[in-house]
Amino acid sequence: MELSSRRTGTGCFLHIQEPPLLLLLLLVLPGTVRATELLYRVREESPAGTYIGNLATDLRLNRSEPGVTYNLASAAGSGRFVDLNRETGELRTSAAVLDREELCPDPGTGSLAEPCWLLLDVLLLPPRLFRLLKLRLRVEDVNDQAPRFPASSLGLSVPENAEPGSRYPLEPAAEDPEPGLNGMLRYRLQGAGPAAYSAAYSAAFSLAQEDGAVPGKPAPYLVLEAPLDRESRDRYVMELVAEDRGSPSLSGTATVTVSVSDVNDHCPEFPQSELRLSVFSNISVGSTVTRLQARDPDLGYNARVVYSYGERVPGSSTRLFRLDPASGTIRLASPIREGSARLHRLTVLATGTGCAPVALTVSLNIIPVGVTGPPVLSPRYIALQADGVLYLKESEPPRTPLAFFTVTGDREPVRCYLHGGEAVAAFHLSRYQDLPGEYLLETGQPLDYELQRRYQVTVVAENADGLASRVQLQIQLIDENDNAPVFSSPSVQLSVEENNPPNCHLTRLKATDADSGEMGNITYMLSPGVPPVFSVDPLSGTLSVSTSLDREERDRYRLTIRAIDGGTPSLESTVTVIITVLDVNDNSPRFINKDFNFFVPEDYPSFSEIGVIGVMDPDAGTNGWVALSILNGSEHFVIDTGKGNLMASVPLDREQQSSYILWIQATDGGEPALSAVAKVTVLLIDVNDNPPLVLFPQSNLSFLLVLPSTVPGSSITEVYAVDKDTGMNAVIAYSIIGHRGPRPETFVIDAGTGNITLHEALVKNDYGLYRLLVKVSDHGYPEPLHSTVIVNLFVNETLSNESYIENLLRKDPGIRIEESLPETRTDPFQTKLDVFPCETVLIALSALCFGLFALAFALVCYISFRRKKHRRKAYSVAEVEIPLKKTLASFSLDKKSFNDLDL
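Everything numeric in this text was worked out from a predicted model, so none of it was measured. (Residues numbered from 1 in each chain as written. Predicted model: local features only at pLDDT ≥ 70, side-chain atom pairs only at ≥ 80, totals over all residues. Heavy atoms only, no water.)

Some thoughts on the confidence of the model for the protein
Regions with low pLDDT should not have their predicted coordinates read in detail. Rules: What pLDDT reports is the predictor's confidence in each residue, on a scale of 0 through 100. Here a residue-residue contact requires only that any non-hydrogen atoms of the pair lie within 4.5 Å.
On average, residues of the protein carry a pLDDT of 80, and 85% of them reach 70 or more. Low pLDDT, under 50, characterises residues 1–33; the predicted model gives this stretch 64 contacts beyond four residues in sequence or across chains. Considering only residues more than four positions removed or in separate chains, one finds that residues 192–202, a stretch of pLDDT under 50, has 22 contacts.

See the structure below:
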């Protein structure tokens with residue numbers, strides 16, 4: 001935080017520069033607090049409920065102070081944009097939309113943009129704590145308005161003789177009322193790009209920008225890059241795009257139409273330099289001898305042609321043949337008198353605006369009537385004729401009639417033929433139905449406007465004397481829409497990286513059409529079925545995509561673009577654009593589960609598969625290759641980085657640690673690499689690998705004095721054991737499997753608790769040492785484990801000689817085991833039992849055997865009891881009463897047979 005202060009009078013002005021989300025400014029007066037000013041930032045158009053700040057926190061007030069309230073005193077004005085919690089001082093935006101452009105309509109631009117403030121007054125109550133809070137909310141701009149042109153189309157006229165480098169302002173320019181970068185504009189031009197696009201737009205124009213009067217508002221200029229020719233193209237249509245510099249950028253467009261104005265850059269030209277004609281002497285006055293036509297491709301006044309005779313033309317010829325200066329028509333002005341000149345050479349000058357005259361020599365041969373002369377050739381036109389030009393559609397088939405010619409003459413035979421070089425092959429002149437002197441001019445082959453547009457044909461009639469007359473025909477082909485647009489290739493292969501910026505230009509398609517005029521103008525369209533994210537500029541053929549592409553969503557697009565000409569009916573062709581979306585490492589690896597839980601027995605072999613960590617990455621190639629690693633616990637576990645197999649590298653012991661939490665990291669092969677982390681919990685399933693551990697009694701040599709007066713059912717002592725395993729493997733059962741003493745059945749043990757109680761009342765004959773062999777067994781699977789301990793009980797009134805009993809415990813013979821060794825438990829998960837077919841017979845035999853065994857056991861016990869009674873009489877009365885020791889001690893399982901246990 002940067003703190004600066006400014007002192008004025010008795011006050012101290014503190015300016016605190018906070019992080020971007022909060023600015024705090026305090027105005028404090030010495031002695032008493034007059035006012036406090038707080039500064040905050042808030043973005044325009046923030047949704048209702050957006051957190052702005054907390055007055056209590058920023059003022060560092062004691063929240064335990066009772067009755068403090070914050071009261072907004074600006075509710076009628078700017079306060080409608082915020083909600084203030086009176087109790088907590090929390091300030092949030094209200095439902096009213098906060099529009100910076102409405103609050104500050106003239107914000108400036110770029111570095112000159114002035115902050116837009118929303119001013120609020122808050123009263124801190126009660127009166128004993130009164131303080132006036134001045135809140136200033138700086139409303140920050142968001143890019144919510146696109147640049148806009150005042151007019152959707154801009155017109156511009158450029159003379160065709162303009163020099164390259166000429167600049168023309170494009171006005172009115174675009175407008176964007178937003179401040180800062182959101183209102184700073186830049187321009188670009190669409191439709192008049194590099195030479196690869198088309199001959200019509202071959203780098204004709206470019207765009208330049210100059211700083212305007214307002215920073216960030218440049219003035220766009222159209223710059224002429226190449227010479228123009230109105231006779232080749234008289235109009236250019238482009239798109240002017242204005243973009244702001246916000247994030248994301250917004251844009252607006254206007255159509256720019258450039259009209260090429262004509263200049264007098266062409267002069268008139270005659271199609272030939274000399275013309276020979278024959279005229280009969282009896283031609284009537286006013287008859288048209290010929291019409292001359294000099295062509296000028298300019299327009300209007302620039303194409304005006306004036307015809308005149310040259311200075312060397314004799315006056316007799318100019319008086320006899322009158323020349324129309326506007327149309328170039330030569331007519332007979334007066335009768336041709338006998339004896340006048342037979343040959344007239346007329347030099348006709350055609351003068352254009354600002355051009356030097358061009359000359360044509362017309363040789364007129366006057367043939368006297370009654371004197372043998374050349375044949376007379378009279379044309380009658382079938383095709384459309386205007387001003388001496390025949391117009392013929394290029395689609396007309398061969399043998400299409402154009403004109404009839406009638407030949408008359410004094411001398412026979414008369415030969416009629418065509419003269420005109422290449423035109424002879426294109427047209428055919430023949431006698432019509434064998435009629436004398438009648439000839440028909442027809443097309444001789446298919447004609448193509450795109451190959452040759454104009455033909456000049458001369459029909460010659462020549463008699464036997466070699467005298468000939470000629471009629472020149474100008475045949476102009478009329479273009480028809482017989483050529484469809486043609487792409488240079490039937491398909492185009494493109495590749496673009498995914499996550500491309502919106503409105504990205506992919507390529508510019510180019511089709512050509514050999515037809516002329518509107519029939520050769522091409523419009524580009526997308527075929528039906530093309531995804532709407534793609535668009536093509538109808539004039540330039542620029543293919544664009546409006547949004548970012550996602551390879552994981554779709555990695556290939558096949559588009560069909562149509563090129564349609566302007567004919568009626570229109571013709572079209574198509575090109576297939578195949579777009580391959582290249583992969584970018586924009587997807588982190590994803591685990592198939594958020595958490596993985598694996599259950600494994602604690603005796604599971606090392607380097608065996610515990611489980612598979614499933615992970616995927618939708619990227620392609622190395623970007624989608626995933627390597628797995630363990631971030632913790634690597635000393636116990638390893639993972640197959642390719643397959644995701646998790647294995648234990650060391651033996652696991654549930655009694656040391658019952659569960660492990662591992663963090664698995666998946667890292668892809670992209671550059672830079674992306675990663676993800678998953679939690680894996682390995683829970684160890686208990687295996688019955690620990691026998692019960694007897695904690696009490698601590699020794700087989702400890703003993704306890706039992707008074708003969710003990711009441712039957714009284715608890716004498718207990719055997720206490722624990723098992724490190726869990727579940728059924730830790731459930732302990734106690735049983736007496738062997739005993740010695742005067743009447744061993746006098747004491748019994750509780751199977752669940754290990755509590756040893758007196759079963760029957762003691763009599764004089766029951767005095768003596770009792771040794772009980774107790775088996776402590778768990779309920780483990782597949783085989784229970786167990787331990788044994790000897791409980792020594794000395795029944796007597798007193799204990800007079802402790803050493804005697806200890807010596808007796810050491811020397812007394814072992815205890816015979818009266819219970820069979822534990823058998824292997826049945827699988828607790830087994831649900832089906834194999835039933836022997838003779839089950840009833842087996843049950844009966846088993847019951848009989850059990851009865852016989854019980855009877856034999858009872859007899860043996862009785863005989864043993866009788867013997868022990870006789871032996872007790874020999875014991876000394878000086879036995880000592882010593883209690884069993886109650887301290888705990890560790891116990892290790894002796895793996896010797898139960899029959900080897902010694903007292």
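Next comes the rest of the account.
Considering the state of the cysteines
Stated formally: In what follows, a disulfide is any cysteine sulfur pair within 2.5 Å. Where helices and strands are cited, they refer to DSSP runs of H or I of at least four residues and of E of at least two residues respectively, numbered from the N terminus. Under the scheme applied here, a residue whose accessible area is under 20% of the maximum for its type counts as buried, over 50% as exposed, and between as partly exposed, the area being computed with a 1.4 Å probe on protein chains only.
For the structure on display, the rule yields two disulfides. The disulfide partner of Cys104 is Cys116, and the gap between their sulfur atoms is 1.9 Å. Around the S-S axis, the bridge from Cys104 to Cys116 shows a dihedral of about 80° and counts as right-handed. Within this pair, whereas Cys104 is found in the loop between α2 (100–103) and β9 (117–125), its partner Cys116 is found in the loop between α2 and β9, the two being separated by 12 residues in sequence. Taken as a pair, Cys104 and Cys116 share a single burial class, namely buried. Once the disulfide-bonded cysteines of the protein are ranked by sequence position, their pairing pattern turns out to be 1-2, 3-4.

So, the side chain of Asn71
Topologically, Asn71 is positioned in strand β6 (residues 69–72). In contact with Asn71, other than residues within four places in its own chain, are Leu84, Arg86, Asp121, Val122, Leu123 and Leu125.

Topic: the packing of aromatic side chains
The line we're drawing: Only Phe, Tyr and Trp rings are paired, with Trp represented by its six-membered ring, and only when their centres lie within 6.5 Å; those with planes under 30 degrees apart are stacked, over 60 edge-to-face, the remainder tilted. Each ring is checked for a lysine NZ or an arginine CZ that lies within 6 Å of its centre and within 35 degrees of its normal; such an atom marks a charge sitting over the ring.
For the coordinates displayed, the defined rule picks out 11 aromatic pairs. A ring pair is formed by Phe427 and Tyr455, whose centres lie 5.4 Å apart and whose planes are at 85°; its orientation type is edge-to-face. On the criterion of sequence distance, the pair formed by Phe427 in strand β30 (residues 427–431) and Tyr455 in strand β32 (residues 454–462) is long-range, its members being 28 residues apart. In this structure Phe427 comes out as buried when scored by relative accessible area, which is 3%. Through a chain of ring-to-ring contacts, the aromatic side chains of Phe591, Phe596 and Phe598 assemble into a single cluster. Cation over ring: Arg136 sits above Trp117, and NZ or CZ is 4.2 Å from the ring centre. Lying over the aromatic face of Tyr221, Arg167 brings its terminal NZ or CZ to 4.9 Å of the ring centre.

A closer look at the sheet that holds strand β8 (residues 90–93)
This is how it is decided: DSSP-based pairing: two strands are paired if at least 2 bridges between them are found. Between N-to-C directions, angles span 0 to 180 degrees; the directions come from axes that are lines fitted to C-alpha atoms, helices contributing only their stretch in contact.
Ordered by their spatial adjacency, three strands build an open sheet running β5-β8-β7, and the pairing between neighbours is antiparallel. Since the sheet does not close on itself, it has two edges, and those belong to β5 (51–54) and β7 (82–84), each with one partner. Put simply, the sheet's adjacent strands are angled 20° from each other on average, direction ignored. In terms of strand pairing, β7 meets β8 through three bridges, oriented antiparallel. Each bridged residue has a counterpart across the sheet, and for Leu84 the counterpart in β8 is Leu91.

Details of the pattern of salt bridges
Note the following rule: Within this document, salt bridges are pairs made up of a side-chain nitrogen of Lys or Arg and a carboxyl oxygen of Asp or Glu, the two lying within 4 Å of each other.
Overall, the coordinates contain 22 salt bridges when judged by the stated rule. Glu274 is the salt-bridge partner of Arg276, the closest N and O atoms lying 3.3 Å from each other. With a relative accessible area of 56%, Arg276 lands in the exposed category. Where Glu655 meets Arg654, a salt bridge forms, and the shortest distance between an N and an O atom there is 2.9 Å. Residue Glu655 is classed as partly exposed on the basis of its relative accessible area of 22%.

Quick look at the sheet that holds β9
The strands making up a sheet associate through backbone hydrogen bonding, with each pair oriented either parallel or antiparallel. Pairing is mixed in the open sheet, where four strands are placed in the order β4-β10-β9-β6. Looking along the sheet, the strands with just one partner apiece sit at the ends: β4 (35–43) and β6. Taking each pair of neighbouring strands and ignoring which way they run, the sheet shows an average axis angle of 30°. Of the strand pairs in this sheet, β9 and strand β10 (residues 131–140) are connected by eight bridges, and their pairing is antiparallel. In the sheet register, Leu119 faces β10, and the bridge partner there is Arg136.

Focus: a nonpolar patch on the surface
To keep it simple, the criterion reads: A patch consists of residues whose relative accessible area exceeds 30% and which take part in no salt bridge; residues with like charges are grouped when within 9 Å of each other, and nonpolar side chains (Val, Leu, Ile, Met, Phe, Trp, Tyr) when within 5 Å. Every accessible area reported is derived by Shrake-Rupley at a probe size of 1.4 Å, with residue values counting cover from the shown protein chains alone.
On the surface, a nonpolar cluster with roughly 370 Å² of combined accessible area is contributed by Leu631, Ile661, Trp663 and Val677. As for its position among the elements, Ile661 is in strand β50 (residues 659–668).

Some words on the pairing of strand β56 (residues 732–740)
Among the nine residues that make up β56, seven are buried, leaving the element largely enclosed by the rest of the structure. As judged from the eight bridges shared by β56 and strand β59 (residues 768–778), these two strands associate in the antiparallel manner. Residue Ile732 lies in a different strand from β59, and its bridge partner there is Asp778.

Things to note about the nonpolar core
Put simply, the rule reads: For our purposes a nonpolar core is just a set of buried Ala, Val, Leu, Ile, Met, Phe, Trp, Tyr and Cys residues, chained together by side-chain atoms within 4.5 Å.
Grouped together as the largest cluster of nonpolar side chains are 27 residues, with contacts concentrated most on Leu377, Leu402, Phe405, Phe427, Leu429, Leu441 and Val459. For this core, the secondary structure elements donating two or more residues are β27 (389–393), β28 (401–408), β29 (415–419), α4 (423–426), β30, β31 (438–443), β32 and β33 (468–478). In this view, Phe405 contacts Leu377, Ser378, Pro379, Leu429, Gly437, Glu438, Tyr439, Leu441, Val459, Val471 and Leu473; residues no more than four positions away in its chain are not counted.

As for the environment of Leu809
Along the chain, Leu809 falls in helix α5 (residues 802–811). Considering only alpha carbons, one finds Leu809 and Asn700, 109 residues apart in sequence, at a separation of 8.5 Å.

Overview of the pairing of β8
Burial along β8 is one-sided: the residues Leu91 and Thr93 are buried and none of Glu90 and Arg92 is. Strand direction decides the pairing type here: β5 and β8, joined by three bridges, are antiparallel. Each residue of the ladder has a partner; that of Gly53, found in β8, is Leu91. Between β7 and the antiparallel strand that follows it, β8, lie five residues; Gly89 among them carries a positive phi value of about 80°.

Some remarks on unusual backbone geometry
With omega at 0°, the peptide bond leading from Glu671 into Pro672 counts as cis. The peptide bond linking Phe696 to Pro697 adopts the cis configuration, its omega dihedral lying at 0°. For Arg399, which is not glycine, the phi torsion reads 70° and is therefore positive. One can find Arg399 in the loop between β27 and β28.

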